[in-house]
Amino acid sequence: MRFPFDPSLRHHLFIAVGLFLWVFVFLFFTEPLDIKELYFDEKLLYLPVYSLVASLGYLLLLPLQSWLYIYNARVWKLSSELLMLFAFSLLGLVMVRLVYLFVVVPYEPNPYSLSYFIKSIYIPALLVVLPIVEAGRYGLGRYLEKREEEQKITIAGSGNYEGFRLAWNQLIMISSADNYVEVSYTEDNRVKKHLIRNTLSAVASDLPQLLRVHRSYLINPDHYKYINSENGKFKITMIHDLQCSVSKTYLPKVKDVLNFTTN
């Protein structure tokens, strides 16, 4: 099951900053962890430490997040999201406990036991912090999905036939297939194909950003890899090693757009 996700590390820095501010405000006004016994100046001194720990804990998990995203072929699953939240909670417990013992009450002979600390302090605090983290992560993912949806292109079907929407960077090439066109595209890092009832000329007219390389082929120039020739015939290789022919009619324009030379 997919989960809305933004892989941009820069955007997750904003969550870390927001987490820092939220933890500070939460601790300042709710006063757990014996904070009520601190003077105002001491609060300003010690509370940012807890805030920094929460923020740092989130940042330390970003490499794990990136690894999970790549491992799952750049698909973010609900299981990955739950794993991230569990790892954040566990790492947070370790870090917050250490701050409590060595910063807040370093000379206290009877600090809270670990079981009491978890049950009465950490879990209630976590129930306040986690929704903020998850709201930020979910919001970033949904915003990215909305932007991507707005940027999708539509390959129209003729007459009353439905078109096909996809992101520009998903589209590899389009070829003619009798009364249809066959769209080759990527999804979850795999090549897929989709038939639409239309002509290649109509698609070329609707999407001038595509490059006509043959009467039977349109390509997305962003996914061009290389071109080779054999016995005077040219072939273009695209990503995922998809190939298509280049006709002499379109060769001059293809050379110009793809910026290569031939003898």
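Structural data are supplied above this passage.
Quick caveat, the model's predicted, so the values are computed rather than measured.

Engineer: Account for the sheet that holds strand E7 (residues 217-219), with residues named and values stated.
Structural biologist: Judged by pairing direction, the sheet is antiparallel, and its five strands sit side by side in the order E5-E4-E3-E7-E6 without closing on themselves. Two strands lie at the open edges of the sheet, namely strand E5 (190-197) and strand E6 (211-214), each paired on one side alone. Ignoring which end each strand starts from, the neighbouring axes of this sheet average 25° apart. Pairing geometry for strand E4 (residues 180-187) and E5, over eight bridges, is antiparallel. Its bridge partner being in E5, serine 184 is matched across the sheet by lysine 193. Contacts between helix H7 (residues 251-258) and the sheet are confined to E6 and E7, with E6 contributing the most and set at about 135° to the helix.

Engineer: Residue-level account of the pattern of salt bridges, with values.
Structural biologist: Enumeration according to the criterion identifies six salt bridges in this entry. Between arginine 142 and glutamate 145 there is a salt bridge; the shortest N-O distance is 3.1 Å. Taken together, the residues arginine 142 and glutamate 145, both in helix H5 (residues 114-150) and three residues apart, mark about one turn of the helix. In this structure arginine 142 comes out as partly exposed when scored by relative accessible area, which is 43%. For glutamate 149, the salt bridge identified is with lysine 152, shortest N-O distance 3.2 Å. Accessibility expressed as a relative area gives 37% for glutamate 149, which makes it partly exposed. Within the structure, one salt-bridge network assembled from shared partners comprises Glu149, Lys152 and Arg165.

Engineer: Tell me what's going on with a nonpolar patch on the surface, and back it up with residues and numbers.
Structural biologist: On the surface, Leu64, Trp67 and Tyr71 cluster together to form a nonpolar patch covering roughly 360 Å² of accessible area. As for its placement among the helices and strands, leucine 64 is situated in helix H3 (residues 62-71).

Engineer: Would you mind going over the packing of aromatic side chains in detail, with residue names and values included?
Structural biologist: Counted under the stated rule, the structure contains nine aromatic pairs. On the numbers, 4.9 Å between centres and 20° between planes, the contact of tryptophan 67 with tyrosine 71 is stacked. Taken as a pair, tryptophan 67 and tyrosine 71 lie in helix H3 at a separation of four residues, close to a single helical turn. Judged by its relative accessible area of 60%, tyrosine 71 is exposed. For the ring pair tyrosine 112 and tyrosine 116, a centre distance of 4.9 Å and an interplane angle of 45° mean the geometry is tilted. Since its relative accessible area comes to 24%, tyrosine 112 is described here as partly exposed. In this structure tyrosine 116 comes out as partly exposed when scored by relative accessible area, which is 38%. An aromatic cluster is present here, built from Tyr100, Tyr112, Tyr116 and Phe117 joined pairwise through their rings.

What counts as what
Residues numbered from 1 in each chain as written. Predicted model: local features only at pLDDT ≥ 70, side-chain atom pairs only at ≥ 80, totals over all residues. Heavy atoms only, no water. Pairing = 2+ DSSP bridges. Helix = DSSP H or I, 4+ residues; strand = E, 2+ residues; numbered from the N terminus. Axes fitted to C-alpha atoms, helices over the stretch in contact; angles between N-to-C directions. Contact = heavy atoms within 4.5 Å. Salt bridge = Lys/Arg side-chain N within 4 Å of Asp/Glu carboxyl O. Buried < 20%, exposed > 50% of the residue type's maximum accessible area, 1.4 Å probe, protein only. Patch = residues over 30% accessible without salt bridge, like charges linked within 9 Å, V, L, I, M, F, W, Y side chains within 5 Å. Areas by Shrake-Rupley, 256 points an atom, 1.4 Å probe, with all protein chains shown as cover. Phe/Tyr/Trp six-rings, centres within 6.5 Å; stacked < 30°, edge-to-face > 60°.

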